[in-house]
Amino acid sequence: MSTGKKVQLQKYRQHLQKVREEIIAKMQRATSNGREVRISAEPSDSGDLALSSYMKEFLYKLNEVERCRFLEIETALERIREGSYGQCVDCGSPLPIKRLEVLPWASRCTACQEKLEQLQQEEEAERGDQEEAANF
Ligand SMILES: [Zn+2]
């Protein structure tokens, strides 16, 4: 890996970590508001369990967009560690630097992202039909 690319990666990682920390700080504020309720409802002092339920509550407190963003950031940081960062997960083509500058958590090129969104919309429409059918 060239030095230039390493510097670039470092920049994306810092950007990702900053956004991640902002989301976590926001989540912590939201969680501390409901702390009393949580403790009385959950008298467990197992570290791991507490952490994972804390994480779950954490994610639950976020809105849809923030939750997706947080998971995307986690994945992007993982991909930086793996060395697959900056490639489209679907077609493998390198992501344009401009796209990464704006969306450092992007894991797909614009074309694949659009394809995916279209697919998700179609699936949602289908699921809606099935749910309606199940009600009768
Ligand atoms: Zn692609």
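Asks: Now, about the overall build of the chain: what can you tell me, with residues and values included?
Replies: Helix and strand counts for the chain stand at 6 helices and 0 strands. Moving toward the C terminus, one meets the helices and strands of the chain in the order α-α-α-α-α-α. When each of the 136 residues of the chain is scored for burial, the buried share is 11%. Taking the intrachain contacts of the chain between residues at least 6 apart in sequence as the baseline, contacts between residues at least 24 apart amount to 55%.

Asks: Any chance you could break down the environment of Glu74 for me, citing the residues and the numbers?
Replies: Positionally, Glu74 belongs in helix 4 (residues 64-82). Note: C-alpha distance between Glu74 and Gln17 (57 residues apart in sequence) is 9.1 Å.

Asks: Describe the confidence of the model for the chain, listing the residues and the values that go with them.
Replies: On average, residues of the chain score 81 in pLDDT, and 76% of them reach the 70 mark or higher. Averaged pLDDT values for the elements of the chain fall to 40 in helix 2 (residues 35-41) and rise to 92 in helix 5 (residues 97-102). Predicted confidence is poor over residues 35-44, with pLDDT under 50, and the contacts of this stretch with residues over four places away or in other chains come to 4 contacts.

Asks: Any details on the nonpolar core? Residues and values, ideally.
Replies: Listed in full, the 6 residues of the largest apolar core are Leu16, Phe70, Ile73, Ala76, Tyr85 and Trp105. Residue contributions to this core peak at 3 residues, all from helix 4. Once residues within four sequence positions are removed from consideration, Ala76 is found in contact with Leu16, Tyr85, Pro104, Trp105 and Ser107.

Asks: Give me the lowdown on the environment of Thr75, citing residues and values where you can.
Replies: Position of Thr75 relative to the elements: it lies in helix 4. Taking the C-alpha atoms as reference, Thr75 lies 8.5 Å from Ser107; in sequence the two are 32 residues apart.

Asks: I'd like to hear about the environment of Gln14, residue by residue, with values.
Replies: Following the sequence through the fold, Gln14 ends up in helix 1 (residues 3-33). Using a count of 11 C-beta atoms within 10 Å as the deciding quantity, one classes Gln14 as exposed. Between the C-alpha atoms of Gln14 and Leu77, which are 63 residues apart in sequence, the distance is 9.8 Å.

Asks: Just give me the short version of helix 4, but keep the residues and values in it.
Replies: The end-to-end C-alpha separation of helix 4 is 27 Å, in line with the 27 Å expected for 19 residues at 1.5 Å each. By the burial criterion, the buried members of helix 4 are Phe70, Ile73 and Ala76. One side of helix 4 carries all its buried residues, which in axial view fall inside an arc of 125°. Along helix 4, exposed side chains directed more than 90 degrees from the buried face belong to Glu64, Cys68, Glu78 and Glu82. Two residues or fewer past helix 4, Gly83 is found with a positive phi of approximately 90°.

Here is what the cut-offs are and how they apply
Residues numbered from 1 in each chain as written. Predicted model: local features only at pLDDT ≥ 70, side-chain atom pairs only at ≥ 80, totals over all residues. Helix = DSSP H or I, 4+ residues; strand = E, 2+ residues; numbered from the N terminus. Buried ≥ 20, exposed ≤ 12 C-beta atoms within 10 Å, placed from the backbone. Contact = placed C-beta atoms within 7 Å. pLDDT = per-residue confidence, 0-100. Core = buried A, V, L, I, M, F, W, Y, C linked by C-beta atoms within 7 Å. Expected span 1.5 Å × (residues − 1). Arc of directions from axis to C-beta.

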